[in-house]
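Residue-level listing of the chains:
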Amino acid sequence: MNRRELLKTLGYSSIAGAGGLHALSFSAQANNTLVFVFLRGGADSLHMAAPVDDPNYMAARPPELRVLNAGNTPGLALPKSFAPNQDCRIHPAAAPLLDLFQSEHAQLLHACGLANATRSHFVAQEILESSVSGANDRLLSTTNGWLQAYAAPKVADAKLSAKTIRYVGTNSAQIRSLQGLSSGLSISGELRNSLSWPGDAMGKSVLEALYANPTVNTTDPVLTMGQETLQQLTLLDSKMPRVDGRIAPYRPPQGVKYNTENNDWLHATQTVAQLIRMDVGLQMACLDFGGWDTHEYQSGKINNLIRQWSGNLRALFDDMKAAGKNMTLVVASEFGRRLRANASGGTDHGHAGALWLLDTQGRKLLPANQWPGLATQQLDQGLDLQHRHDVKKILGLIAQKTLLS
Amino acid sequence: MSQALLDRLTFGASPLDLEAFNALGLDDWLEDQFNPSAQDSKFDHALSSCVMKISYEGTADYAAVNENRPLSLLNKSTAELWHLTEGQTKMAYEERMRPLRELTAVRLLHAAHSKWQLKEMMVDFWLDHFNVHAADAQVAVAMPSFENECIRRHGLGNFQQLLASVAQSTPMLIYLNNRSSRTGAPNENYARELFELHTLGKAHYLNDLYSKWRQVPGAEKGEPKGYIDQDVYEAARAFTGWALEDGRNMGSGLNLPKTGKFSYLESWHDPYQKRILAQDFDPFAPPLADGQRVLAMLSQHNGTAQHLSEKLCRRFVSDTPTPSLVQSAAKVWQDNVKHPQQIARVMRHILTSSEFKQALTDPAQRKLKRPLELAMSFVRKLDLPFMPTMGLVNELSNAGHRLYFWPTPDGHPDSNGYWLSSHTLRRRWTLPMGLIENWWATGFVGPDQLTAGFKQPFDESQLLKHHAQRLLGQAHATSTLSTINQALKTPDKRLLGAGNDEWLGMRRSLSYLGMSPAFQYR
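Residues numbered from 1 in each chain as written. Chains lettered and ligands numbered in written order. Predicted model: local features only at pLDDT ≥ 70, side-chain atom pairs only at ≥ 80, totals over all residues. Heavy atoms only, no water.

Asker: Tell me about the side chain of Ser114(B), and name the residues and values.
Answerer: Residues and elements named next belong to chain B. Along the polypeptide, Ser114 turns up in the loop between helix 6 (93-113) and helix 7 (117-129). Here Asp40 takes part through its side chain, which lies 2.7 Å from a polar atom of the side chain of Ser114. Leave out the neighbours within four places in its chain, and Ser114 touches Asp40, Phe43, Leu109, Glu120 and Arg380. (Helix = DSSP H or I, 4+ residues; strand = E, 2+ residues; numbered from the N terminus. Polar contact = N/O pair within 3.5 Å; in protein donor to acceptor, adjacent residues only side chain to side chain. Contact = heavy atoms within 4.5 Å.)

Asker: Explain the pattern of salt bridges to me, and be specific about the residues and the numbers.
Answerer: Under the definition given, this model contains 56 salt bridges over all chains. With a closest N to O distance of 3.7 Å, Lys204(A) and Glu208(A) form a salt bridge. Of this pair, Lys204(A) and Glu208(A) both sit in helix 6 (residues 200-210), four residues apart, roughly one helical turn. For Lys204(A), a relative accessible area of 15% puts it in the buried group. Linking Glu395(B) and Arg427(B) is a salt bridge whose minimum nitrogen-to-oxygen distance equals 3.4 Å. One end of the pair, Glu395(B), is in helix 19 (residues 390-398); the other, Arg427(B), is in helix 21 (residues 422-436), with 32 residues separating them in the sequence. (Salt bridge = Lys/Arg side-chain N within 4 Å of Asp/Glu carboxyl O. Buried < 20%, exposed > 50% of the residue type's maximum accessible area, 1.4 Å probe, protein only.)

Asker: I'd love a proper account of the nonpolar core, names of residues and values included.
Answerer: Of all hydrophobic cores here, the largest spans 271 residues; its most connected members are Val37(A), Ile90(A), Trp292(A), Trp309(A), Trp356(A), Trp126(B) and Phe130(B). For this core, the leading source of residues is helix 23 (residues 460-488) of chain B, giving 10 residues. Excluding anything up to four places from it in sequence, Val37(A) contacts Trp265(A), Leu287(A), Trp309(A), Leu313(A), Leu329(A), Val330(A), Val331(A) and Ala332(A). Tyr210(B), Ala219(B), Ile228(B) and Ala278(B) belong to the second-largest nonpolar core, a separate cluster that totals seven residues. (Core = buried A, V, L, I, M, F, W, Y, C linked by side-chain atoms within 4.5 Å.)

Asker: Before we move on, could you go through the confidence of the model for chain A and cite the residues and values that matter?
Answerer: Looking at chain A, the pLDDT average stands at 89 and 88% of residues meet or exceed 70. In this model residues 1-29 of chain A is a low-confidence stretch, pLDDT under 50, and it forms 52 contacts with partners more than four residues away in sequence or in other chains. (pLDDT = per-residue confidence, 0-100.)

Asker: Quick one: what's the story with the environment of Arg338(A), residue by residue and with numbers?
Answerer: Mapped onto the elements of the fold, Arg338(A) is located in the loop between strand 11 (327-333) and strand 12 (353-359). Residue classification places Arg338(A) among the buried residues on the basis of a relative accessible area of 7%. When the C-alpha atoms of Arg338(A) and Leu313(A) are compared, they prove to be 26 Å apart, with 25 residues separating the residues in sequence. The contact partners of Arg338(A), leaving out residues within four places of it in the chain, are Arg61(A), Arg119(A), Thr347(A), Asp348(A), His349(A), Gly350(A), Leu383(A), Asp384(A), Glu188(B) and Tyr233(B).

Asker: I'd like to hear about the interface of chain B and chain A, residue by residue, with values.
Answerer: Across the boundary between the two partners, chain B contributes 59 residues, which contact 57 residues of chain A. For the pair chain B and chain A, the summed buried surface comes to about 4,400 Å²; carbon and sulfur atoms form 57% of the total. Contact with chain A buries area across many residues of chain B, yet Ser422(B), Arg426(B) and Trp429(B) alone supply 15% of it, more than any other trio. For the pair chain B and chain A, the number of links is three salt bridges. Linking Arg366(B) and Asp220(A) is a salt bridge whose minimum nitrogen-to-oxygen distance equals 3.8 Å. The tally of links from chain B across to chain A stands at 27 residue pairs in polar contact (both at pLDDT 80 or more). Mapped onto the side of chain B that touches chain A, the elements with two or more residues apiece are helix 11 (189-198), helix 12 (229-238), helix 20 (416-419), helix 21, helix 23 and helix 24 (504-515) of chain B. Classifying every residue of the side of chain B that touches chain A gives 24 nonpolar, 20 polar and 15 charged. (Buried area = accessible area lost by both parts, 1.4 Å probe. Nonpolar A, V, L, I, M, F, W, Y, C, P; charged D, E, K, R; others polar.)

Asker: Tell me about the packing of aromatic side chains, residues and numbers included.
Answerer: All names here are of chain B. Applying the stated criterion to the full structure yields 28 aromatic pairs over all chains. Where Phe458 meets Trp503, the ring centres are 5.8 Å apart and the plane angle is 65°; that geometry is what we call edge-to-face. Remark: Trp503 occurs in the loop between strand 10 (495-496) and helix 24 and Phe458 occurs in strand 9 (residues 458-459); sequence separation between them is 45 residues. The ring of Tyr404 carries Arg107 above its face, with NZ or CZ at 4.9 Å from the centroid. (Phe/Tyr/Trp six-rings, centres within 6.5 Å; stacked < 30°, edge-to-face > 60°. Lys NZ or Arg CZ within 6 Å of the ring centre and 35° of its normal.)

Asker: Explain the sheet that holds strand 2 (residues 49-51) of chain A residue by residue, including any values.
Answerer: All names here are of chain A. What the three strands build is an open sheet, ordered 2-4-3; its pairing is antiparallel. Bordering the open sheet on either side are strand 2 and strand 3 (76-77), each of which pairs with just one other strand. Of the pairings in the sheet, the one linking strand 3 to strand 4 (residues 88-90) comprises two bridges and is antiparallel in character. The residue bridging Ala77 from the neighbouring strand is Arg89, located in strand 4. (Pairing = 2+ DSSP bridges.)

Asker: Please set out the sheet that holds strand 12 of chain A residue by residue, giving values where relevant.
Answerer: Residue and element names in this part refer to chain A. As summarised here, the arrangement of the eight strands in space is 7-6-10-1-11-12-5-13, forming an open sheet in which the pairing is mixed. Only two strands of the sheet have a single neighbouring strand rather than two, namely strand 7 (184-186) and strand 13 (389-390). Of the strands in this sheet, strand 1 (33-39), strand 10 (284-289), strand 11 and strand 12 touch helix 9 (residues 298-323), which is tilted by about 165° from strand 11. (Axes fitted to C-alpha atoms, helices over the stretch in contact; angles between N-to-C directions.)

Asker: For the state of the cysteines, give the residues involved together with the corresponding values.
Answerer: All names here are of chain A. Per the counting criterion, the structure on display carries zero disulfides over all chains. As a non-bridged cysteine, Cys286 has Cys112 as the owner of its nearest cysteine sulfur, 18 Å distant. Residue class for Cys286 comes out buried when judged on its relative accessible area of 5%. (Disulfide = S-S within 2.5 Å.)

Asker: So what about the environment of Leu200(B)? Which residues, and what values?
Answerer: All names here are of chain B. Considering the arrangement of structural elements, one finds Leu200 in the loop between helix 11 and helix 12. Considering only alpha carbons, one finds Leu200 and Lys225, 25 residues apart in sequence, at a separation of 9.6 Å. With near-sequence residues (within four places) excluded, Leu200 lies in contact with Leu194, Phe195, Tyr227, Leu277, Leu298, His301, Gly303, Thr304 and His307.

Asker: Kindly report on the packing of helix 1 (residues 2-9) of chain B against helix 2 (residues 15-24) of chain B, identifying the contributing residues and their values.
Answerer: All names here are of chain B. Here helix 1 crosses helix 2 at 110°, and the two axes come no closer than 10 Å. As judged from the angle between their axes, helix 1 and helix 2 are roughly perpendicular. On the side of helix 1, the interface is formed by Ser2, Gln3, Leu5 and Leu6, while helix 2 contributes Asp17, Leu18, Phe21 and Asn22. Looking at the contact of helix 1 with helix 2, its residues break down into four nonpolar, three polar and one charged. (Parallel < 35°, antiparallel > 145°, perpendicular 65-115°, else oblique.)

Asker: Please provide a residue-by-residue account of unusual backbone geometry, values included.
Answerer: With an omega of -5°, the peptide bond running from Gln456(B) to Pro457(B) counts as cis. Note that Pro457(B) resides in the loop between helix 22 (447-450) and strand 9. Phi angles above zero are rare outside glycine, and Asn85(A) is one such case at about 60°. Here Asn85(A) shows up in the loop between strand 3 and strand 4. Although it is not a glycine, Tyr404(B) sits at a positive phi angle of roughly 70°.

Asker: Explain empty space enclosed by the protein residue by residue, including any values.
Answerer: If a probe as big as a water molecule is rolled over the atoms, it shows which places are left empty. Residue and element names in this part refer to chain A. Going through the model one piece at a time under the given rule, you end up with nine cavities of 30 Å³ or more. What the largest cavity holds in volume is close to 140 Å³. Every element with two or more residues in the lining of the largest cavity is listed here: strand 5 (106-113), strand 11 and strand 12. For the lining of the largest cavity, the element with the highest residue contribution is strand 12, accounting for four residues. (1 Å grid on protein atoms, 1.4 Å probe; cavity = no way out; pocket = protein on both sides within 12 Å on 5 of 7 lines; lining within 4 Å. Points joined across faces, edges and corners; volume = space filled by probe spheres on them.)

Asker: Before we move on, could you go through helix 16 (residues 342-351) of chain B and cite the residues and values that matter?
Answerer: Residues separated by three or four positions in an α-helix point in the same direction, a consequence of the helix having 3.6 residues per turn. With seven of 10 residues buried, helix 16 of chain B lies mostly within the body of the structure. Taken residue by residue, helix 16 of chain B has Gln342(B), Ile343(B), Ala344(B), Val346(B), Met347(B), Ile350(B) and Leu351(B) as its buried positions.

Asker: Please provide a residue-by-residue account of helix 18 (residues 371-382) of chain B, values included.
Answerer: Residues and elements named next belong to chain B. Here helix 18 spans 17 Å end to end across 12 residues, near enough to the 16 Å set by a 1.5 Å rise per residue. Counted residue by residue, helix 18 has 12 buried out of 12 residues, so it is predominantly covered. Every buried residue belonging to helix 18 is among Pro371, Leu372, Glu373, Leu374, Ala375, Met376, Ser377, Phe378, Val379, Arg380, Lys381 and Leu382, and all of these are buried. Positive backbone phi, at 55°, marks Asp383, one or two positions downstream of helix 18. (Expected span 1.5 Å × (residues − 1).)

Asker: Account for the layout of surface pockets, naming residues and giving values.
Answerer: Residue and element names in this part refer to chain B. Taken as a whole, the second largest pocket holds about 840 Å³ of empty space. Forming the boundary of the second largest pocket are 37 residues, of which Arg366, Leu472, Ala475, His476 and Ala518 lie nearest the centre. Among the elements of the structure, helix 1 and helix 23 are those that each provide at least two residues to the lining of the second largest pocket. The element best represented in the lining of the second largest pocket is helix 23, accounting for 11 residues. Residues belonging to the lining of the second largest pocket are distributed by class as follows: 15 nonpolar, 13 polar and nine charged.

Written out as structure tokens, the structure is:
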């Protein structure tokens, strides 16, 4: 079966997923889940999607750091060019995404960047994930995460709210993009192994007693986090499908193929799939995918990264289609990388890059591409891809359209 | 008060620590801690009996191994261990990683048993400040020497010496790629993080404000208050040729030796004139001089004093240290910029300040224990038997504390927010139970360990009260214990004998004390 046939079989039939039917009453709270994928380290967008025949591009990098227009591993031509009259292609390892571009479920906005000249990972990540506009990057750590403004109002009914998980991050730490929102869940590793607490039922009653005591100090963030954690784990535990009393491993529908090379990324995407299928009212999911800081030996590294990344974007998309769920997935990185390669077979920190988007409904959620060109005088500070779109504004627009309208 | 203070400066204060501290007073205790001697009997004793398990499956090239192995690689040089990185030699990944595993064991042993607790806290601080990710075998085999020669040697000493030793260290040269940086198109990775993370800090990165070096305030006088990308580009040129003897093919049939040692490659160095932080660098400087000058300028820059003082205050005082304390610490930093005990002097200033004293009683300035601190304070306060194992190290990692495996060069974030998520809290709850029930083979806790100083018959509630005091102090012991007892519906009085099974409930109750909100804070 090829990809196109697979889409047809999966996409337009609503199969009752692992979550079962009992949760239908909550589906109204999350008509659409927004999944934000952060490629940490500064993904080299010019090695993921490029005008392959641009002479400036060809002159700036050796073939192994380019998307190629010929040879053994040519790039895959996009149905629509992002640069006028140029042969725009994506990296061959991103093959799982190609027919989604053809069916317009995938879109790409190139030359997206921060309205800020920073080339620092940590400053750029902070600007991208926080609610600041980008022009001002001082004193950021106390500002809310960028997604906070797009959260639907909290369900007032306490009973109902105990049955929802509105935000999740697939990282062990709190998620910067969600800062300011209470009741965020963090799940790291395989979901079914992330729900237990020490001491079984008795341990749970003791923890509930220890973390329920309002007389100690109600503003203590540890207490709040403890209460929410126990509540959310209890909810998830009750919803996980069981075989002989044990929580079963996740089984995606037939034909949906997750890439299993990178455990963190596999579990992250499958956790999101399971939570959406459970109908717990999931509005936002934040996924981290690291390893893109390719100053050295980029060629092999990025090939692996793109294969794992695109494989599971595609699998998650197919999974949600098969479940009849709506999902918008957007991919960004803190910056793109230098046009010119360094002598270590890598690229250094740059400026603008590409933003990628998948939408199960195939809505057009991105503005038209405006390509700035790659001649030296067209580059940002003479060396990096210029931004034609402020990535923060674009992200805001996507969140607005998918979460609030 | 001294309990709270000591809990900030150690991996958990036991009653014995407290006694020693009270006998000396803060000033003398600090003086003692800032001048650690080689004498460390409890640690030495633990080290001499320490073994660490190694286990892997066999293949066609080597046999399976599953054994407890004593520590034997810690004093070996990188050159002596470099053969473990040889790709052509078939060996298990665990053998290649063994130097790092041993180092990890010793770090935990130090935290649990060393008399020189403040030094260990500083080791923890600097390993994050100069973070390297040691998953690569070439980094892993060089970590013992990195930790001993750079971090432990200079951790309370002079920052410029510390920085200079790190700049030529094998792990950093690999991790931030400087070993492959050469003239023409240098690799900027090290230079950028040197400015942003190791020295001036992102508060002094002014690229969003200025695009030309002359625009940076102070530049015309040769004292720019911060840096921009042009400084990074030029500094990357200054470090070209700072490389490693990693067997690399240099062309013309020449290969570098295979020792992992620092090496300066003249032919890779960009010798021409440079301008860094508004200072002119003449062309054709002697070997290493360009890079050394950059390190000196950065170490002595006021921005570095600010950045490092802020980080030290954040680490030991509060997530949001008062600007007055940061300023006064930065002044001590600068006044002692050439002093061999510069860092200790800054630490003394911070730890004897009124701001620090105030933070100890302010709930808003509490610091969450990092998972290593959580585990070690449980061990230390209850005086549990302890041997390090990878099982425990993996649990710490699950709780967010990835010793030697933090992937990015910034090190673990130093804010309560990072350590507190639903995932990490769940894993923190596991730590006390796993330790006291010996889930990770860190040591069996039997009646003997739990009844020191008590006489038979053992009254469970008396014992629990005693241990709760040690774990949580006066303020929280009674209320936490009664919450636990209510939830467990514990009978009022229970006498325990010598049978091990009778102690299961006791161990559980102790682990619940370790899971309580109050125990999460330093």
